[in-house]
Amino acid sequence: MAVYLVACEQHESSEESELRKVLRGLGAEPILGSVFVLSSSGDAQSLHRHLSDFLEGDDRIFVTRLTEDFSGYVLSEAGPWLASQRPL
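Rules used in this analysis
- Residues numbered from 1 in each chain as written.
- Predicted model: local features only at pLDDT ≥ 70, side-chain atom pairs only at ≥ 80, totals over all residues.
- Heavy atoms only, no water.
- pLDDT = per-residue confidence, 0-100.
- Helix = DSSP H or I, 4+ residues; strand = E, 2+ residues; numbered from the N terminus.
- Buried < 20%, exposed > 50% of the residue type's maximum accessible area, 1.4 Å probe, protein only.
- Pairing = 2+ DSSP bridges.
- Core = buried A, V, L, I, M, F, W, Y, C linked by side-chain atoms within 4.5 Å.
- Contact = heavy atoms within 4.5 Å.
- Axes fitted to C-alpha atoms, helices over the stretch in contact; angles between N-to-C directions.

A. Representation of the confidence of the model for the protein within the structure. Summarising the model, the protein shows a mean pLDDT of 86, and 92% of its residues fall at 70 or more. For the protein, the element scoring lowest by mean pLDDT is helix H3 (residues 78-84), at 79; helix H2 (residues 44-52) scores highest, at 96.

Here is the structure:
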């Protein structure tokens, strides 16, 4: 399993958007307001295709595989989750 970063741009942003529900259902952890990390056995392209089904209007997402070489502030709840996923 690999860890992916999913950045969302939602124009009709809502905490209860379909995309956010799907991300939570996949076990995604928010690390910033509209940025999530999740573990998946698929690749970035297939994950992007799946999540794109839940976008509305001009919403956009960006999906990339996260490596061990990262740095920065994350929401406190996501810290333990990221630590448990090493090695990425």
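Picking up after the structure, the text goes on.
B. Main features of the pairing of strand S3 (residues 35-40). Counting buried positions over the six residues of S3 gives six, a clear majority of the element. Of the two faces of S3, both are covered, the one formed by Val-35, Val-37 and Ser-39 as well as the one formed by Phe-36, Leu-38 and Ser-40. Both strand S1 (residues 2-9) and S3 contribute to a ladder of six bridges, which runs antiparallel. Each bridged residue has a counterpart across the sheet, and for Val-6 the counterpart in S3 is Phe-36. Bridging between strand S2 (residues 29-32) and S3 involves three bridges; their strand directions are antiparallel. For Glu-29, the partnering residue across the bridge sits in S3 and is Val-37. Where S2 hands over to S3, the hairpin turn is made up of two residues, counted between the paired strands.

C. View of the nonpolar core. Val-6, Cys-8, Leu-23, Leu-47 and Leu-51 are the most contacted members of the largest nonpolar core, which has 14 residues in total. If one sorts the elements of this core by residue count, S1 sits on top with four residues. Residues in contact with Val-6, not counting those within four places in the same chain, are Leu-23, Ser-34, Val-35, Phe-36, Leu-38, Leu-47, Leu-51, Phe-62 and Val-63. By size, the runner-up hydrophobic cluster in this structure holds nine residues, among which are Leu-5, Val-37, Leu-66 and Leu-82.

D. Geometry of the environment of Glu-18. Its place among the elements puts Glu-18 in helix H1 (residues 18-25). Taking relative accessible area as the criterion, Glu-18 reaches 40% and is therefore assigned partly exposed. Sequence separation between Glu-18 and Glu-56 is 38 residues; the distance between their C-alpha atoms is 8.9 Å.

E. Inspection of the sheet that holds S3 at higher detail. The sheet built from four strands is open, its strands ordered S2-S3-S1-S4 with antiparallel pairing. The sheet terminates laterally at S2 and strand S4 (60-65), the two strands that pair on one side only. Shown here is a sheet whose adjacent strand axes are inclined to one another by a mean of 30°, direction ignored. Its contacts with the sheet put H2 on S1, S3 and S4, and the angle it makes with S4 is roughly 155°.

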